[in-house]
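# Examining the three-dimensional arrangement
Take a look at the letters that make up each chain.
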Amino acid sequence: MKSTSAAITLVLGFAALTACNGGPTEGPVLPPTNVACSNPGIATLAVGQGVVVDPSATGNCIQIPASGGGTTKHLVVTVASNGSVTQNGVSSTWSVTAGEVPAAAAAAAPIAEPYVGGFGPHTSADQFHARLRQMDHDLSAGLGTRLLAAAPPVNRVITPPTVGSQRNFWVCSSASCSGFVNVTATAAYVGPKVAIYSDNNSPAGGFTQSDIDNVGALFEHPTYGLHLIDTTAFGSESDEDSNGVVIVLLTPRVNRLSTDCSTSVIAGFFLSLDLVSDPHSNNGEVFYSMVPDPQNPNCAISKQFASDLLPVTFIHEFQHMISFNQHALIRGGFSEETWLNEGLSHFAEELGGRLIDNSECVNNNCFGQYTGDNFNDAFTYLNNPEATFLIEPNSSGGTLAERGANWLFVRWFLDQFAVDTVLGTDVTRALETTTDVGFVNVANRSGVDFPTLVTQWQLANYLEGDTTFVQNAATARFRYKTWDLRRIFTINPFPKPYPLTPPLVGTSIVHNGTLRGGSGYHMLVQRLASDTAFNYKISVSSATVAPRIGIVRIK
């Protein structure tokens, strides 16, 4: 489901964030304090080199050596690298104490094989969305007994609907989708790939026939249509109802799912229940969308607002529909995990911003219309990554910060492993056409274990676009390739030039926090010519988070 926050109006270039999470709550930077470790691993790195360390192998302590002359700077990040999805998320309280090494400390053991950049092979609305993705998982788990039909015959007859024909649809009656209401709708547009139905009870001031025709034409445009973009990137959708089209249902019942339009609006959704046998299944591929309702005193939706969001929502939700077909219907596996599923759907929005002709978009700006919210969400995440899961739990409502993390990880992953790093088609299709899901999926598609991947990503989240850091092929894992995030956050109206601002530590620091699956805490360690070695010592209350420490020498 695509939702939009009412606190951030529809992005036409970039919307300014009216509020954001506070920065990281690090402990105080202290006067020089010695921190002793019995047998730390020593990170002797050249400028541009980095390493990912399992701290359990080094006594939970890493030592940054004395500079030996001049000033050195290292980025250090501690990450919860367990990629498993649980009900409440994999998390643990933790602390770090960092400071100078006591003068009589024993020699530290070197860390083997530093990583230098080699490549492996190729809100109410939020809670509603989380409910839908959980339904995907539950339905795919028992799919063998709930298929709509056996494999369709090779010579089956495709019978599309006709313009003017009517049919009934079941639609979720509440944001929990625990009940359904039946509506009657009329086919207003039927093309080769898409049929658009309008609820017969749609309010006045809604879409005209011309509006619907224009949307249908955009869905099916032969060069940059929404259907073409998604199927090229992710694979084919199913055709369980043998009508050859995806159905779009425009209905005010979607409007009614938004309980507080002042904070968030449910713009539309895909429901996997429609692709399995169930009393309330519509037995086919259906995408549900809100309609204009400008006179509604409880939730006024202007035609402009609904029109602008409809194609963005479709390109997002269509990825979910394709993903369910590829993972569950074709291959009999589980549906993709929410964090990666959402990351791919937000990447679908990015593809819309890149590929659709600007003449089709608000103010001739497809980049802003389709992609702007991704950068807003990314800013929210990067402003305090320790506070938000990448691997969101089943209980999560799907916060905007989580969505920012999901999109950022997918974007970085494609930058590293796709042949075409901009569009990423070879990797996006590989992620869909498998029974692998979640962290296993990305590890198997890249040939790199997930703890290493997610720690490298967190390092890149700070080093991206840092002009003081050497940028070359050897350091490619420590940056994004297709977006210059520092430049984007600087030239657009965001609250600060770059959201991720780790503390710069030259003496000592104590920090207490919580590690959440896929996320972590960043720190910059600076050593002057006269400084001694520096110990970074962590304590984690639960080893199930699989902590990893990533270190890169910046200068």
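Below you will find a few notes about this structure. Since the structure is predicted, the reported quantities are computational estimates derived from the model, not experimental observations. (Residues numbered from 1 in each chain as written. Predicted model: local features only at pLDDT ≥ 70, side-chain atom pairs only at ≥ 80, totals over all residues. Heavy atoms only, no water.)

So, on to the overall build of the chain. A tally of regular secondary structure across the chain gives twelve helices and 19 strands. Put simply, the chain has 555 residues, and 58% of those count as buried. (Helix = DSSP H or I, 4+ residues; strand = E, 2+ residues; numbered from the N terminus. Buried < 20%, exposed > 50% of the residue type's maximum accessible area, 1.4 Å probe, protein only.)

Attention now goes to the side chain of Asp239. In this fold, Asp239 is placed in the loop between helix H3 (226–234) and strand S12 (246–250). What makes Asp239 buried here is its relative accessible area of 15%. Dropping the residues within four chain positions of it, Asp239 is found in contact with Arg156, Ile158, Gly244, Val245 and Glu285. (Contact = heavy atoms within 4.5 Å.)

The geometry of helix H7 (residues 366–382) relative to helix H8 (residues 400–417) is characterised by a closest axis approach of 7 Å and an angle of 105° between their N-to-C directions. Compared by their axis directions, H7 and H8 come out roughly perpendicular. Contacts between H7 and H8 involve Asn374, Phe375, Asp377, Ala378, Thr380, Tyr381 and Leu382 from the first element and Leu400, Ala401, Arg403, Gly404, Ala405, Trp407 and Leu408 from the second. (Axes fitted to C-alpha atoms, helices over the stretch in contact; angles between N-to-C directions. Parallel < 35°, antiparallel > 145°, perpendicular 65-115°, else oblique.)

Turning to the packing of aromatic side chains, a few remarks are in order. Summed over all chains, the structure comprises 24 aromatic pairs. With a centroid separation of 5.5 Å and an interplanar angle of 70°, the aromatic rings of Trp339 and Phe409 are classed as edge-to-face. In this pair, Trp339 sits in helix H6 (residues 338–355) while Phe409 sits in helix H8, placing the two residues 70 residues apart along the sequence. Judged on exposure class, the residue Trp339 and its partner Phe409 are both buried. Their ring planes at 75° and their centres at 5.0 Å tell us that Phe375 and Trp407 sit as a pair that is edge-to-face. In this pair, Phe375 is assigned in helix H7 and Trp407 in helix H8, connecting sequence segments 32 residues apart. Assigned by exposure class, Phe375 and Trp407 land together as buried. Lying over the aromatic face of Tyr462, Arg486 brings its terminal NZ or CZ to 5.0 Å of the ring centre. (Phe/Tyr/Trp six-rings, centres within 6.5 Å; stacked < 30°, edge-to-face > 60°. Lys NZ or Arg CZ within 6 Å of the ring centre and 35° of its normal.)

Here the focus is the pairing of strand S13 (residues 264–270). Put simply, side chains in a regular strand alternate between the two faces of the sheet. Most of S13 sits inside the fold, with seven of its seven residues counted as buried. Relative to strand S14 (residues 286–289), S13 is paired through three bridges, and the arrangement is antiparallel. The residue bridging Phe270 from the neighbouring strand is Phe287, located in S14. (Pairing = 2+ DSSP bridges.)

Turning our eyes to something else, we now look at H3. For H3, the buried fraction is high: seven of the nine residues fall into the buried class. Buried within H3 we find Leu226, His227, Ile229, Asp230, Thr231, Ala233 and Phe234. Elements that come into contact with the buried residues of H3 comprise helix H2 (209–219), helix H5 (303–330), H6, H7 and helix H9 (425–432). Looking one or two residues past H3, Gly235 carries a phi angle of roughly 110°, positive in sign.

Should the sulfur atoms of two cysteines be covalently bonded, the bond is a disulfide. Inspection of the entire model under this criterion finds four disulfides. Residue Cys261 pairs covalently with Cys299 via a disulfide, S to S 1.7 Å. Disulfide Cys261-Cys299: the torsion about the S-S bond is -80°, which places it as left-handed. Of the two residues, Cys261 sits in the loop between helix H4 (252–255) and S13 while Cys299 sits in the loop between S14 and H5, which places them 38 residues apart along the sequence. There is a disulfide in this structure between Cys361 and Cys366, and the S-S distance comes to 1.8 Å. One disulfide, between Cys361 and Cys366, carries an S-S torsion of 90° and so falls in the right-handed class. Judged by relative accessible area, which is 8%, Cys361 ranks as buried. Overall, the relative accessible area of 0% leaves Cys366 in the buried class. Indicated for the chain is the disulfide connectivity 1-2, 3-4, 5-6, 7-8, based on numbering the bonded cysteines in sequence order. (Disulfide = S-S within 2.5 Å.)

In this section: the sheet that holds strand S17 (residues 520–527). The strand order S4-S19-S6-S17-S15 describes an open sheet built from five strands, whose pairing is mixed. Both outer strands of the open sheet, strand S4 (50–53) and strand S15 (504–505), are each paired with one neighbouring strand and no more. Taken together, the four bridges between S4 and strand S19 (residues 547–553) define a ladder with antiparallel strand orientation. Bridge pairing in S19 places Gly50 opposite Val552. Contacting S4, strand S6 (72–80), S17 and S19, helix H11 (residues 450–463) runs over the sheet at an angle of about 135° to S6.

Time to look at the environment of Ser238. Position of Ser238 relative to the elements: it lies in the loop between H3 and S12. The sequence separation of Ser238 and Ile330 amounts to 92 residues, and the corresponding C-alpha distance is 8.6 Å. Residues within four places of Ser238 in sequence aside, it is in contact with Leu275, Glu285, Asn325 and Leu329. Among the polar contacts listed, one links the side chain of Ser238 to the side chain of Glu285, at a separation of 2.6 Å. (Polar contact = N/O pair within 3.5 Å; in protein donor to acceptor, adjacent residues only side chain to side chain.)

This part takes up the pattern of salt bridges. Counted according to the given criterion, the structure contains nine salt bridges. Put simply, Asp211 and Lys303 hold a salt bridge, and the shortest N to O gap is 3.1 Å. Of this pair, Asp211 sits in helix H2 while Lys303 sits in helix H5, placing them 92 residues apart in sequence. Since its relative accessible area comes to 21%, Asp211 is described here as partly exposed. (Salt bridge = Lys/Arg side-chain N within 4 Å of Asp/Glu carboxyl O.)

In this structure, Cys177 is a non-glycine residue whose phi angle is positive, near 55°. Looking at where Cys177 falls in the secondary structure, it is placed in the loop between strand S9 (166–172) and strand S10 (180–190). Here Cys177 falls in the buried class, since its relative accessible area comes to 3%. Notably, Ser242 is not glycine yet its phi reads approximately 50°, a positive angle.

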